[in-house]
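Structure assessment
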Amino acid sequence: MAQRVSKIYLLVTFPAVYGAIGATLGAHTARIKFVDADLKPATGQRVLDVGCGPGALFPYLPQVDYTGVDLNPLHIAAAQKQFGDKGRFLTIDAASDLPGEPGSYDLVFALAILHHIDDAQARPLVANMLRLVKDGGRVVTFDSVRLPNQNPIARLLNALDSGLNIRTAEGYVSLAAGLDADIETRIYRDRMRIPFDHFRMTLVKRPAAMTGGA
């Protein structure tokens, strides 16, 4: 992963610090909006949370068949301790491996993941996430974004972010180039208590009949 790993940035690998930072920035309200406006999960759906952290989004979801994966074993251990057998939590490097057969999920999402990996890792990750959803299923990504004439505070926070691959909106869309999906995008400027910008990309997998498949 392309990210800063100095001691100060490593603090966020601890679940308690991760949670405290999120609470300070208004994560509770942001997560409600993310689930309601962007994910729109339905009860009973099979859902894969890529880069789930300590299961931060799990309590905001309806009753779904949930799998969460994260590279950090401390986060996975915290999620397992808090949520037990209500979902599956796996220590996995999402950039190189994801659980499930093609068409296994209704919804796959990655919150604040793509800006931590370079294009060489991000392109196959996006393709793999799309491979795992059913026809008509959705892949949703949500990341920091660089914008023209960006608020100086947002621009500074991007510069300080541990992820070294914060892209423009066009840069994120390019990661899905050539995939059999319809793409919807949106920029949000109101998801945190401080000036900050997010980019949401939704890929809707086209049915095989529309793409010339068997």
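Whatever comes next refers back to the structure up there.
A short tour of the structure in this document, coming up. Here the structure is a predicted model, which means the values were calculated and not measured.

**Quick word on the nonpolar core**
By size, the foremost hydrophobic cluster in this structure holds 31 residues, and its most contacted members are V50, L98, V108 and M129. Broken down by secondary-structure element, the contributors of at least two residues to this core are strand 1 (46-50), strand 4 (105-111), helix 5 (119-132), strand 5 (133-146), helix 7 (169-174) and strand 8 (198-205). Here the element with the most residues in this core is helix 5; it accounts for six residues. The next biggest cluster of nonpolar side chains, apart from the first, holds 19 residues, and it includes L39, F58, F109 and V140.

**Details of the environment of P124**
For P124, the position within the fold is in helix 5. When its relative accessible area of 41% is taken as the criterion, P124 is described as partly exposed. P124 sits 28 residues away from S96 along the chain, and the two C-alpha atoms are 8.4 Å apart.

**Some details on the packing of aromatic side chains**
On inspection of all chains with the given rule, the structure shows nine aromatic pairs. With centroids separated by 4.8 Å and ring planes inclined at 50 degrees, the aromatic side chains of F58 and F83 adopt a geometry described as tilted. Note that F58 is positioned in the loop between strand 1 and strand 2 (65-70) and F83 in helix 4 (residues 73-83), a separation of 25 residues in sequence. Residue class for F58 comes out buried when judged on its relative accessible area of 13%. Each residue in the set F34, F109, F142 and Y188 is aromatic and connected to the rest through ring pairs, giving one cluster. Residue placement shows R46 over the ring face of Y105; its charged tip is 4.8 Å from the ring centre.

**A short note on the side chain of N128**
Tracing the backbone shows N128 in helix 5. The buried category is assigned to N128, whose relative accessible area is 17%. There is a polar contact of 2.8 Å between the side chain of N128 and the side chain of R131.

About the cut-offs
- Residues numbered from 1 in each chain as written.
- Predicted model: local features only at pLDDT ≥ 70, side-chain atom pairs only at ≥ 80, totals over all residues.
- Heavy atoms only, no water.
- Core = buried A, V, L, I, M, F, W, Y, C linked by side-chain atoms within 4.5 Å.
- Buried < 20%, exposed > 50% of the residue type's maximum accessible area, 1.4 Å probe, protein only.
- Helix = DSSP H or I, 4+ residues; strand = E, 2+ residues; numbered from the N terminus.
- Phe/Tyr/Trp six-rings, centres within 6.5 Å; stacked < 30°, edge-to-face > 60°.
- Lys NZ or Arg CZ within 6 Å of the ring centre and 35° of its normal.
- Polar contact = N/O pair within 3.5 Å; in protein donor to acceptor, adjacent residues only side chain to side chain.

This is a description of form; function is not addressed.
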